Amino acid sequence: MSNKPILSLSGIVKRFGNQTVLNDFQLEIANGEFFTILGPSGCGKTTVLRLMAGFELPDEGRIELDGTDIAQVAPEARPVNTVFQSYALFPHMSVFDNVAFGLNMAKVDKAEIDTRVRDALAMVRLADYADRQPHQLSGGQRQRVAIARAVVNRPKVLLLDESLSALDAKLRQQMQVELKMLQRQLGITFIYVTHDQEEALSMSDRILVMDGGVAQQVGTPREIYECPQNVFVASFIGEINAIDGVITEQLEDLRYIAKMADHHREIRTDKVFSVGDHIKILLRPEDLRIEYIEDAPDKPGFIGHVRERNYKGKTLDSIIELNNGMRLHASEFFDEDDPDFDYRLGQKVWVDWVHGWEHVIKSESQL
Ligand code: ATP
């Protein structure tokens with residue numbers, strides 16, 4: 001993957017009637033990356049994709065593809081193809097003819113069409129399916145035909161709109177792996193739209209998380225999961241425990257003393273805070289440690305009671321209700337030799353986390 005942007009959106013404004021869906025929207029996508037636009041329903045992700053495809057035109061702003069402004073260029077004149085959720089295959093045409101359709105329309109030489117279609121089908125492992133009709137294929141195979149059709153004319157960018165959402169959970173997981181492998185093999189920039197955070201985490205080189213038409217964060221899956229910039233990103237990308245605190249003392253090396261609930265403890269961050277700042281300490285369920293106690297231990301931590309426990313195979317997930325009413329979600333690797341796992345609903349527990357694993361942000365919004 002080179003770092004040169006293949007696609008760059010700047011100052012994009014998009015209105016539908018009197019609703020402004022995007023306002024001064026910016027985005028840069030690097031050549032060859034698998035980029036995912038993730039967000040809840042109605043956040044504007046499809047609108048961004050349709051602007052890239054040319055199905056919508058921006059009211060203001062530039063869309064540059066490889067350095068050329070294409071904001072007002074017709075969809076068919078852009079070196080960009082789209083794979084829709086429905087795949088939109090022609091039902092009465094063979095797999096071969098479906099894939100060849102665009103090349104036939106462009107009056108490409110017959111021998112050239114034959115070579116390119118067979119190459120594209122081989123790439124999606126459907127070389128033996130050229131004569132079948134779409135109804136004789138599984139959902140996953142149909143999707144692969146749609147991808148072969150979309151890459152056969154060698155676009156610079158492939159746009160995929162919730163392309164896996166029609167598949168059942170198992171096939172969907174398989175296709176996530178396949179899609180990522182295919183993207184690497186083709187070397188084409190893939191821009192994938194989804195509201196499914198697991199899908200985004202497992203497939204993408206980078207993710208844009210959107211809400212209300214606004215980019216909340218752009219980063220690698222790890223950056224988004226481990227260092228969310230705000231509570232929206234933290235909670236949209238998985239389960240999060242957001243514990244309120246106040247900075248009461250500044251130590252050296254970005255270490256602080258924070259007051260949370262009824263105790264003080266040291267925290268370490270990658271940001272600068274001042275005494276008096278209100279913060280949120282973000283902890284993933286797997287960051288929490290639970291110990292079962294009879295009496296309150298003489299050390300900092302949270303005391304609560306087990307309200308829910310769910311065996312999940314690899315992990316034991318629980319909900320701990322703290323004495324102040326707050327609920328924490330914990331997820332620990334299941335270890336049947338550890339007597340601590342033999343806990344019961346209602347039991348009193350002490351909750352802690354490994355120092356340094358907390359991710360701290362300024363408290364600007366409530367969960
Ligand atoms: P979903 O996951 O449900 O598809 P989305 O994040 O893709 O949602 P968009 O389809 O981009 O969201 O829609 C963003 C906003 O723009 C919504 O409020 C939607 O109602 C509005 N919108 C989208 N297309 C049109 C249109 N053609 N006419 C009017 N409003 C539209």
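Residues numbered from 1 in each chain as written. Predicted model: local features only at pLDDT ≥ 70, side-chain atom pairs only at ≥ 80, totals over all residues. Heavy atoms only, no water.

1. Observations regarding the sheet that holds strand 5 (residues 68–69)
Thinking step 1. On the basis of which strands lie adjacent, the open sheet formed by four strands has the order 2-1-4-5 and antiparallel pairing. Of all strands in the sheet, those bounded by a partner on one side alone are strand 2 (19–30) and strand 5. (Pairing = 2+ DSSP bridges. Helix = DSSP H or I, 4+ residues; strand = E, 2+ residues; numbered from the N terminus.)

2. What to know about the side chain of N241
Thinking step 1. Of note, N241 is situated in strand 11 (residues 241–250).
Thinking step 2. A polar contact is formed between the side chain of N241 and the backbone nitrogen of H329, at a distance of 2.7 Å.
Thinking step 3. If we ignore the near neighbours within four places in the chain, the residues touching N241 are I281, L282, L283, R284, P285, L288, R327, L328 and H329. (Polar contact = N/O pair within 3.5 Å; in protein donor to acceptor, adjacent residues only side chain to side chain. Contact = heavy atoms within 4.5 Å.)

3. Notes on the environment of I37
Thinking step 1. By the element assignment, I37 lies in strand 3 (residues 34–38).
Thinking step 2. On the basis of relative accessible area, I37 is assigned to the buried category, the value being 0%.
Thinking step 3. On a C-alpha basis, the gap between I37 and D161 in space is 9.6 Å, while along the polypeptide they are 124 residues apart.
Thinking step 4. Apart from the residues lying within four places of it in its own chain, the contact partners of I37 are K45, V48, M52, I191, Y192, V193, T194, L208 and M210. (Buried < 20%, exposed > 50% of the residue type's maximum accessible area, 1.4 Å probe, protein only.)

4. Considerations on the site of the ligand
Thinking step 1. Lining the immediate surroundings of the ligand are F16, Q19, V21, P40, S41, G42, C43, G44, K45, T46, T47 and E162.
Thinking step 2. For the ligand, an oxygen atom lies 2.5 Å from a polar atom in the side chain of T47.
Thinking step 3. Here the ligand loses 59% of its free accessible area of 630 Å² to cover by the protein chains.
Thinking step 4. Of all the elements in the fold, those that place two or more residues in the shell around the ligand are strand 2 and helix 1 (45–53).
Thinking step 5. Counting residues per element, the shell around the ligand draws most heavily on helix 1, at three residues.
Thinking step 6. Grouping the amino acids of the shell around the ligand by side-chain chemistry returns four nonpolar, six polar and two charged. (Near = heavy atom within 4 Å. Areas by Shrake-Rupley, 256 points an atom, 1.4 Å probe, with all protein chains shown as cover. Nonpolar A, V, L, I, M, F, W, Y, C, P; charged D, E, K, R; others polar.)

5. So, the packing of aromatic side chains
Thinking step 1. One pass over the structure, following the stated rule, counts seven aromatic pairs.
Thinking step 2. Judged by centre distance (4.6 Å) and plane angle (45°), the rings of F90 and F101 are tilted. On the criterion of sequence distance, the pair formed by F90 in the loop between strand 6 (80–83) and helix 2 (95–105) and F101 in helix 2 is long-range, its members being eleven residues apart.
Thinking step 3. Here F90 falls in the partly exposed class, since its relative accessible area comes to 29%.
Thinking step 4. With centroids separated by 6.2 Å and ring planes inclined at 25°, the aromatic side chains of F302 and W353 adopt a geometry described as stacked. With F302 in strand 16 (residues 302–311) and W353 in strand 19 (residues 348–353), this pair connects stretches of sequence that are 51 residues apart.
Thinking step 5. Residue F302 is classed as buried on the basis of its relative accessible area, which comes to 4%.
Thinking step 6. Three or more aromatic residues link up through ring pairs in this structure, and these residues are F34, F190 and Y192.
Thinking step 7. Its guanidinium or amino end placed over the ring of W353, R265 lies 3.9 Å from that ring's centre, counting from NZ or CZ. (Phe/Tyr/Trp six-rings, centres within 6.5 Å; stacked < 30°, edge-to-face > 60°. Lys NZ or Arg CZ within 6 Å of the ring centre and 35° of its normal.)

6. Regarding the nonpolar core
Thinking step 1. If you look at the biggest cluster of nonpolar residues, it comprises 35 residues, and the most contacted ones within it are V99, V117, L121, I147, L158 and L179.
Thinking step 2. Within the residue set of this core, elements represented by two or more residues are helix 2, helix 3 (110–123), helix 4 (139–151), strand 7 (157–161), helix 5 (169–186) and strand 8 (189–194).
Thinking step 3. At six residues, helix 4 tops the list of elements feeding residues into this core.
Thinking step 4. With residues up to four places along the chain from it excluded, the contact list for I147 reads V83, V124, L158, L179 and L182.
Thinking step 5. Judged by nonpolar contacts, the second largest core, of 28 residues, contains A53, V157, L159 and M210. (Core = buried A, V, L, I, M, F, W, Y, C linked by side-chain atoms within 4.5 Å.)

7. Concerning the sheet that holds strand 11
Thinking step 1. Judged by pairing direction, the sheet is antiparallel, and its five strands sit side by side in the order 13-12-11-14-20 without closing on themselves. Taken across any chain shown, the strands that pair with only one partner, and hence form the sheet edges, are strand 13 (263–268) and strand 20 (359–362). Mean inter-strand twist for the sheet, computed between neighbouring axes without regard to direction, equals 45°.
Thinking step 2. Two strands pair when backbone bridges link them, and strand 11 and strand 14 (residues 278–283) are joined in this way by six bridges, in the antiparallel orientation. Pairing of G245 across the sheet is with I279, part of strand 14. (Axes fitted to C-alpha atoms, helices over the stretch in contact; angles between N-to-C directions.)

8. Considering the domain arrangement of the chain
Reports often express the size of an interface as the amount of accessible area lost when the parts come together.
Thinking step 1. On domain assignment, one finds that the chain holds domain 1 (5–235) and domain 2 (239–288 + 300–335 + 346–362).
Thinking step 2. Relative to domain 2, the C-alpha centre of domain 1 lies at a distance of 38 Å.
Thinking step 3. Taken together, the ten residues of domain 1 in the interface contact seven residues of domain 2.
Thinking step 4. Considering only the side of domain 1, the residues that lose the most area to domain 2 are Y225, V231 and A234, jointly responsible for 60% of the buried surface there.
Thinking step 5. Joining domain 1 to domain 2, the criterion identifies four residue pairs in polar contact (both at pLDDT 80 or more).
Thinking step 6. Secondary-structure elements contributing two or more residues to the side of domain 1 that touches domain 2 are helix 7 (221–226) and helix 8 (231–236).
Thinking step 7. Tallied by class, the residues present in the side of domain 1 that touches domain 2 amount to six nonpolar, three polar and one charged. (Domains from an automatic or database assignment. Buried area = accessible area lost by both parts, 1.4 Å probe.)

9. Observations concerning the pattern of salt bridges
Thinking step 1. Inspection of every chain in the model, using the stated rule, returns 23 salt bridges.
Thinking step 2. Ionic pairing is found between R62 and D69, a salt bridge with its closest N-O pair at 3.5 Å.
Thinking step 3. For R62, a relative accessible area of 38% puts it in the partly exposed group.
Thinking step 4. Among the residues examined, D69 registers a relative accessible area of 32% and is labelled partly exposed.
Thinking step 5. What you see here is one network of salt bridges that share partners, running through K14, R50 and E56. (Salt bridge = Lys/Arg side-chain N within 4 Å of Asp/Glu carboxyl O.)

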